[in-house]
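Residue-level structural notes
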Amino acid sequence: MNAINIQHLKVSIGIRDLLDLKDLRVDSNQKIGLIGKNGSGKTTLFKALLGEVETDISRFSVSGTIGMLPQLKQTNTYKSGGEVSQDYFVRILTQSPNILLADEPTTNLDTSHVEWVEKKLQDFQGMLLLISHDRTLLDNVCETIWELEEGQITEYPGNYSNYLEQKENEKKYQQKEYEKFKQKEQQLEEAIIQKDRQAERATKAPKNLSSSEARIKGAKPYFAKLQKGLHQNRKALQTRLEKLEEVERPKEEMSLKMTLPNVQAFKNKIILRAEKVVGQVENKKLWQPATFFVKGGDKVGIIGPNGSGKTTFLKKIIEKSDKNLYLSPAVKIGYFAQDMDVLDSTKTILENVKESSKQNETLIRTVLARLGFPNEDVYKKVNVLSGGEKVKASLAKIFVSDCNTLILDEPTNFLDIYALDALEELLKEYEGTILFVSHDRQFISNIATQLLIFEENQLIFFEGDYEEYHNWDHQKERDLVAEQLTKIELAITTVLSKLGDSMLTEDEKNVLEEEFKKLIKKKTMLEEEA
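What this report covers is the structure whose coordinates are included nearby. (Residues numbered from 1 in each chain as written. Predicted model: local features only at pLDDT ≥ 70, side-chain atom pairs only at ≥ 80, totals over all residues. Heavy atoms only, no water.)

1. Thoughts on the packing of aromatic side chains
Cut-off, in case you're wondering: What counts as a ring pair is set by centres within 6.5 Å for rings of Phe, Tyr and Trp (its six-membered ring), and what kind of pair is set by the plane angle: stacked under 30 degrees, edge-to-face over 60, tilted for all other angles. Segments assigned H or I by DSSP are reported as helices when at least four residues long, segments assigned E as strands when at least two residues long, and all are numbered from the N terminus. Burial classification: accessible surface area is computed with a 1.4 Å probe over protein chains only, and a residue below 20% of its type maximum counts as buried, one above 50% as exposed, and the rest as partly exposed. Note on geometry: a ring has a charge over it if NZ (lysine) or CZ (arginine) is within 6 Å of the ring centre and within 35 degrees of the ring normal.
Inspection of every chain in the model, using the stated rule, returns 12 aromatic pairs. With 6.3 Å between their ring centres and 70 degrees between their planes, W287 and F313 make a pair best called edge-to-face. Remark: F313 occurs in helix α9 (residues 310–319) and W287 occurs in strand β11 (residues 284–295); sequence separation between them is 26 residues. When sorted by exposure, W287 lands in the same class as F313, which is buried. Its guanidinium or amino end placed over the ring of F373, K392 lies 5.3 Å from that ring's centre, counting from NZ or CZ.

In structure tokens:
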């Protein structure tokens, strides 16, 4: 049974068709990830299904009740963003919808709350349409990907990783088709040149042909006829060339070779040293004294719950406010935070990005193109940009600025999935040092070579990537469970020993039996976790 059946749904803004969807059907238990650039119409589709936006054509049907999980903003000062999201999610589920529309449900949540939302979406019994730039969430929850581009939806079976494989195969196919086109084009062009040469030779009588032989053979009519035939052949070839269907060349990303300041003085050398650094805000201690160091070229992912001190730590570095935090004089910092305004709204994107950079314009424009500002887009004034576009322009400005160390506080918020992929590739190629805060699991996994972990009032520097940390963390949990099981088994043995005492009163025996039941239940639960 179809939960949603779209025959034709059209939404226009001015002369632009934001949505023009035809023949889309969604099964009652299907889980779909909806991706597309910011402004492509993803949220508008949700509003159209809910009847909250004016449509040009509205031929669709919905079977059942829709539950809507919108993008939530932190408005409750007594609860974290994760707690607000949990409360709202539970409230929606109590309405027992069979269709759930979720619009970026993990934005601004820390990892534990993201995983909570992920589990709820996996367990949801009904049809799910999910807008998200969290690629791990799309992988773990969705079985189909809808890509919204220029008002149309293309459907890809499988999760986000499967979608990427299919897109890569499409690119390889396009490359092959382009190469075949260029080969055919070259063959036709060479054939035309050959016919031109033959026609030119046909206008000249052979040098060894005597005048009497020429009269006998009728040279002029013969060569005129030959020349006419060659011209006809050339014209046919030219027509074939003009009618040859052009195949667009797949886009190739230019590699980046940036010139960073003080490279010799910081590469693979200790540039940041923490000696018993303590985190404290007023009377609240965020973490115990911590000692570690960072080398030039390291890419350090900073992870931990919201409110654990991640931004406080970054500000210590930026403001140089802690004498126990040593920063090499060779370090030149480029700093990004969501609440920073580094752009002049009266200038163009290109003017803004160039003003603090020593990189050449070709490299600057390459970075801007990768982040979604190709060709003439770089001449847009900042005051006409959307919020997401301003974030991308700010990131570009900081990335190419005269620095060798990037400090990025939640750089992936408000980026669409394509800009996120582009930023990831730029940071992989960056030869300087990166310290970044993020809750995006795939982003951390793909970028970080070391981790700085804020947990349980501790600051731990982990020499390894996110996957190694994940395995280490699970091993810690398994070790803890094993330790608890050992203690419970000892307690069970003690209780059984006491129960064997013939001198026990009935009340004492009942208490011990009740304790035995509780221990067995706890042991069973721990064994299930192990």
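Moving on from the model shown.
2. Focus on the pairing of strand β17 (residues 450–455)
Note on strand geometry: in a regular strand, side chains alternate between the two faces of the sheet. Applied cut-off: Strands qualify as paired when DSSP identifies two bridges or more between them.
For β17, the tally of buried residues reaches 6 of 6 residues, placing the bulk of the element in the interior. Here β17 shows no split at all, with Q450, L452 and F454 on one side and L451, I453 and E455 on the other all buried. Direction of pairing for strand β12 (residues 299–303) relative to β17: parallel, over a ladder of 4 bridges. From the neighbouring strand, I303 faces β17, where its bridge partner is I453. Relative to strand β18 (residues 458–462), β17 is paired through 5 bridges, and the arrangement is antiparallel. Of the residues in β18, the one forming a bridge with E455 is Q458. Here β17 folds back onto β18 in antiparallel fashion, the turn holding 2 residues, of which E456 has a positive phi close to 50 degrees.

3. Structural notes on a negative patch on the surface
Rules: Patch definition: residues with relative accessible area over 30% and no salt bridge; like charges joined within 9 Å; nonpolar side chains (Val, Leu, Ile, Met, Phe, Trp, Tyr) joined within 5 Å. Surface accessibility in these figures is a Shrake-Rupley result with a 1.4 Å probe; residues are shielded only by whichever protein chains are displayed. Criterion for a salt bridge: a side-chain nitrogen of Lys or Arg within 4 Å of a carboxyl oxygen of Asp or Glu. Charged residues are defined here as Lys and Arg on the positive side and Asp and Glu on the negative side; His and the ends of the chain fall outside this count. Throughout, a charge is located at the NZ atom of Lys, the CZ atom of Arg, the CG atom of Asp or the CD atom of Glu.
On the surface, a cluster of negative charge is contributed by D501, E506, D507, E508, E513 and E514. Here E513 lies in helix α16 (residues 506–529). Classification of E513 by relative accessible area gives partly exposed; the value is 33%.

4. Description of the sheet that holds strand β1 (residues 2–13)
Strand-to-strand pairing in sheets goes through backbone hydrogen bonds, with the strands running parallel or antiparallel. Selection criterion: Think of each axis as a best-fit line through the C-alpha atoms, taken over the contacting stretch in the case of a helix, with angles from 0 to 180 degrees between the N-to-C directions. What makes two residues a contact is simply this: any of their non-hydrogen atoms within 4.5 Å.
Taken in spatial order, the 3 strands of this open sheet run β2-β1-β4, and their pairing is antiparallel. Looking at which strands have only one partner, the edges of the open sheet turn out to be β2 (16–27) and β4 (57–62). Within the sheet, the average angular offset between the axes of one strand and its neighbour, ignoring direction, is 10 degrees. Sheet topology note: the β1/β2 ladder contains 10 bridges and is antiparallel. Of the residues in β2, the one forming a bridge with H8 is K22. The strands touched by helix α1 (residues 42–50) are β1, β2 and β4; relative to β1, the strand with the most contacts, the crossing angle is about 115 degrees.

5. With respect to the sheet that holds strand β14 (residues 333–337)
As summarised here, the arrangement of the 6 strands in space is β14-β15-β16-β12-β17-β18, forming an open sheet in which the pairing is mixed. Across the chains shown, the open sheet's two edge strands, defined by having one partner strand only, are β14 and β18. Shown here is a sheet whose adjacent strand axes are inclined to one another by a mean of 15 degrees, direction ignored. Packed onto the sheet, α9 meets β12, β14, β15 (405–409), β16 (433–437), β17 and β18 and runs at close to 150 degrees relative to β15. Set on the sheet, helix α13 (residues 417–429) makes contact with β12, β15 and β16; between it and β12 the angle comes to about 130 degrees.

6. Looking at α9
Stated formally: Here the arc refers to the set of directions running from the helix axis out to each C-beta atom.
Taken together, the buried positions of α9 are K310, F313, L314, K316 and I317. All buried residues of α9 lie within an arc of 150 degrees about the axis, which places them on one face of the element. Looking one or two residues beyond α9, the residue adopting positive phi is K320, at roughly 50 degrees.

7. Re α1
Taken as a whole, α1 has its buried residues at K42, T44, L45, F46, A48 and L49. Of the residues trailing α1, G51 is marked for its positive phi of about 75 degrees.

8. Let's talk about the pattern of salt bridges
In total, this model carries 21 salt bridges according to the counting rule given. Residues R135 and D440 are paired through a salt bridge, measuring 3.8 Å at the closest nitrogen-oxygen approach. Here D440 lies in the loop between β16 and α14 (441–447) and R135 lies in helix α4 (residues 135–141), a separation of 305 residues in the sequence. The same class applies to R135 as to D440, namely buried.

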